[in-house]
Amino acid sequence: MIRLEQVSKQFGPVTAVDRVDMVVPAGAVCVLLGPSGCGKTTTMRMINRLIEPTSGRILVDGRDTATVDQVSLRRSIGYVIQQIGLFPNMTVEDNICVVPDLLGWPRAKARKRAAELLELVNLDPGIFLKRYPKELSGGQAQRVGVVRALAADPPVLLMDEPFGAIDPINREVIQDEFMKLQAELRKTVVFVSHDIDEAVKMATRIAIFRDGRLIQYDTPDRLLAHPIDAFVAEFVGSDRTLKRLRLIRVAEAMMADPPRVTAEETVETAVGRMQDHGHVAIVMVGPRGRARGVVRLDAVREARGLVGEHQEPLPGVVNVKDDLRAAVSQMFTHGVTWLACVDDEGFYRGYITQTGITRMLGATAGEG
Amino acid sequence: MRAGGLGGLARFAFVAGVFALGAWLQARGTLPSILQHRGDVIYLARQHLVLAAMSGAMAIAVGVPLGILLTRERYAAIAGIVTQIVNLGTTIPTLALIALAMSVLGIGAPPAVFALFVLTLLPILLNTVAGLNAVPPPLVDAARGMGMTPGQILRRVELPNAVFVILAGIRTALAINIGTVPLAFLIGAGGLGELIFTGIDLMEPGMLLAGAIPTALLAVAVDFLIGQIQFWFVPRGVNPLR
Ligand SMILES: Nc1ncnc2c1ncn2[C@@H]1O[C@H](COP(=O)(O)OP(=O)(O)OP(=O)(O)O)[C@@H](O)[C@H]1O
Ligand SMILES: [Mg+2]
């Protein structure tokens, strides 16, 4: 856990950070967000004392950092910067082992760890351990930069725009990789960004700064739903509701355990089931429950025969793991107001409607 | 010195040129008159090398640490002034420097070594400062952020990343040094300059060349040697030659 108490930093006449109070719970990803020059980097660098606060206290896991030796404090905190800062004179392996070596780990243990870490970010140790930084692509170098910070397994990680210099497509990939890693490692992360989308994607908590002041400190959803003032509202963007769609999974917003029919059942059964539930359509599933097609009420009300003879193809489906943005996008693509939701194997799990989504956005916004 | 490629070609051209020159001199009868000075050449070349080695070693021993000091944060304020002065120093003509040294230290090896030391120090110092200043700040920031002490940052990050430039300074400085040692003869310190200047005085091209050719060869050899050190001892990740 990281706790900032009335922390300020003065650079001559400039107040870079102004009486900031903030708690980052253990295992949380806290994204510091705000316009250029608002004090994000300064705030982050005060945590490992690369910058000494002018006033206030910073506690990491309960210890006042001012009472801890700078060097040992920094060795216990992972550090990643936008420029990556891999040492060109060292191989990837030696770069990753910098902190373990400083801490005096046995050589073999440190090297083994380096290989394991590379695998975690999908870099083949056989190929990359002995390479030099100049022989890496930008994305590969940034992955090495991240695992280097993790090498000695520090509980806290500081990251200053770590993915800022990577092209948008690779940035998404590496963000996803980092989130997967984080889900496993549960580090306490302070992450500086100026990209609201990145923040919404990565953060458990977002801290919005302006002119050195902490303006709002909230979960991404609450920040998007209830920006505290016009500045925050403008900063998060007029499409903030659309951004919220990314925060909610289809599984959370869908109606689970929906009625269904099979191809062998009669149309009358299907009509009856739709009327029972007040639905205008029903999904037809295969023998093991995979979504196969749809039967619409107004098309079969007068019909006879088996469902299989009257079914139509499904106008698009979403995966239960997708976010609501994907669902809404599908709805617009196919011009429909509801979608069938399936899991990875294609089994029919539920359906999601536009009104359901609207209600969901209203409900989570009111929470807490 | 690059292995293969243009470097190899240049070296081949150089060797071929030396052979052609040798053949030409032989034909003109100069070669025998050069060889006649064999004994002197060996004695004076040793003297030459001792002057160069002493002044060069001193210059390295002073220039590199001084360069390191000047790039430390706490000397940042005076670093600018010192490099200005050093830059000014490089504009003093060599002969004037030697004359000055003689006027203070008298005649013989000490003033020669001192003048050569000053002459060699300047490029070594300037390159050390330039090399260390060229280390990208994010590297130092990352090193600090990971918990390296200032000494560890210097040894593990700054010096390895600057060593190529530092060695380049040493390489140039020593080549200039060896090429300048002949002037030491003028203040009585010996060296191959003895053959060169006496050869000029006596209008004896054989004697002159017996001094000049070994001087040139020594300079080339030292340049080659340090080139090899650069090639093999600078880490591959920061070695533009590999
Ligand atoms: N070493 C310094 N000396 C003087 N002023 C500084 C120093 N470092 C930062 N500042 C000032 O403090 C303020 C906050 O800087 P900081 O680097 O924390 O901003 P930031 O939010 O990280 O901005 P960016 O998004 O551009 O990186 C700025 O006005 C900056 O000019
Ligand atoms: Mg910044």
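Residues numbered from 1 in each chain as written. Chains lettered and ligands numbered in written order. Predicted model: local features only at pLDDT ≥ 70, side-chain atom pairs only at ≥ 80, totals over all residues. Heavy atoms only, no water.

Labelled according to an unreviewed UniProt entry, chain B appears under the name ABC transporter permease, originating from Prosthecodimorpha hirschii. According to the UniProt record, the Sequence similarities (unreviewed entry) comment for chain B reads "Belongs to the binding-protein-dependent transport system permease family." In its Subcellular location (unreviewed entry) section, the UniProt entry covering chain B states "Cell membrane". (UniProt positions renumbered as here; feature names shortened; annotations may be inferred.)

In the nomenclature of an unreviewed UniProt entry, chain A is known as Quaternary amine transport ATP-binding protein of Prosthecodimorpha hirschii. One UniProt comment on chain A, placed under Subunit (unreviewed entry), says "The complex is probably composed of two ATP-binding proteins, two transmembrane proteins and a solute-binding protein." Of the comments in the UniProt record for chain A, the one headed Subcellular location (unreviewed entry) reads "Cell inner membrane".

Peer 1: Would you explain helix H5 (residues 107-120) of chain A in this entry?
Peer 2: Think of an α-helix as turning once every 3.6 residues; residues three or four places apart then point the same way. All names here are of chain A. Over its 14 residues, H5 extends 20 Å from the first C-alpha to the last, a length consistent with the 20 Å expected when each residue adds 1.5 Å. When H5 is considered as a whole, its buried residues turn out to be Ala-110, Arg-111, Arg-113, Ala-114, Leu-117 and Leu-118. Summarising the axial view, the buried residues of H5 lie within an arc of 155 degrees, below the 170-degree limit, and thus occupy one face. Opposite the buried face of H5, by more than 90 degrees, sit the exposed residues Ala-108, Lys-112 and Glu-119. Those residues of H5 hidden inside the fold are in contact with helix H3 (92-96), helix H4 (98-102), helix H6 (125-128) and helix H7 (138-150). Just past H5, the residue Asn-122 takes up positive phi, approximately 60 degrees. (Helix = DSSP H or I, 4+ residues; strand = E, 2+ residues; numbered from the N terminus. Expected span 1.5 Å × (residues − 1). Buried < 20%, exposed > 50% of the residue type's maximum accessible area, 1.4 Å probe, protein only. Arc of directions from axis to C-beta. Contact = heavy atoms within 4.5 Å.)

Peer 1: Please explain the pattern of salt bridges as it appears in this structure.
Peer 2: Two side chains of opposite charge can pair, provided their charged atoms sit close to one another. All names here are of chain A. Overall, the coordinates contain 27 salt bridges over all chains when judged by the stated rule. Ionic pairing is found between Asp-18 and Arg-19, a salt bridge with its closest N-O pair at 2.9 Å. Taking relative accessible area as the criterion, Asp-18 reaches 16% and is therefore assigned buried. Among the ionic pairs, Asp-176 bridges to Lys-201, the shortest N-O distance being 2.9 Å. On the criterion of sequence distance, the pair formed by Asp-176 in helix H8 (residues 168-185) and Lys-201 in helix H9 (residues 196-202) is long-range, its members being 25 residues apart. (Salt bridge = Lys/Arg side-chain N within 4 Å of Asp/Glu carboxyl O.)

Peer 1: What is the right way to read the interface of chain B and chain A from this model?
Peer 2: Interfaces are often described in size by the accessible area the parts lose on coming together. Facing the 22 residues of chain B at the interface are 24 residues of chain A. Each partner contributes to the roughly 2,000 Å² buried at the junction of chain B and chain A, and carbon and sulfur atoms together form 59% of this total. When the buried surface of chain B facing chain A is broken down by residue, Arg-144, Met-146 and Arg-236 of chain B rank first, second and third, together holding 30% of it. Between the two partners, chain B and chain A, sit 2 salt bridges. Between Arg-236 of chain B and Glu-135 of chain A there is a salt bridge whose closest N-O contact spans 2.9 Å. Taken together, the connections running from chain B to chain A amount to 9 residue pairs in polar contact (both at pLDDT 80 or more). Looking at the side of chain B that touches chain A, its residues break down into 10 nonpolar, 7 polar and 5 charged. (Buried area = accessible area lost by both parts, 1.4 Å probe. Polar contact = N/O pair within 3.5 Å; in protein donor to acceptor, adjacent residues only side chain to side chain. Nonpolar A, V, L, I, M, F, W, Y, C, P; charged D, E, K, R; others polar.)

Peer 1: Sorry, what's going on with the sheet that holds strand S6 (residues 77-81) of chain A here?
Peer 2: The strands making up a sheet associate through backbone hydrogen bonding, with each pair oriented either parallel or antiparallel. Residues and elements named next belong to chain A. What the 6 strands build is an open sheet, ordered S6-S7-S8-S3-S9-S10; its pairing is mixed. Each having just a single partner strand, S6 and strand S10 (213-218) make up the two edges of the open sheet. Looking at each pair of strands side by side, their axes are set apart by 15 degrees on average, direction ignored. In this structure, S6 lies alongside strand S7 (residues 156-160), joined through 5 bridges in parallel fashion. Looking across to S7, one finds that Ile-81 is bridged to Asp-160. (Pairing = 2+ DSSP bridges. Axes fitted to C-alpha atoms, helices over the stretch in contact; angles between N-to-C directions.)

Peer 1: When you look at the site of ligand 1 in this model, what are you seeing that I'm missing?
Peer 2: Residue and element names in this part refer to chain A. What surrounds ligand 1 is the set Phe-11, Ala-16, Ser-36, Gly-37, Cys-38, Gly-39, Lys-40, Thr-41, Thr-42 and Glu-161. Backbone polar atom of Gly-37 to an oxygen atom of ligand 1: 2.8 Å apart, as the coordinates give it. Between ligand 1 and the protein, one listed contact pairs an oxygen atom with a side-chain N or O atom of Thr-42 at 2.5 Å. Looking at the shell around ligand 1 element by element, the count peaks at 3 residues for helix H1 (residues 40-47). Across the shell around ligand 1, the residue classes tally to 3 nonpolar, 5 polar and 2 charged. (Near = heavy atom within 4 Å.)

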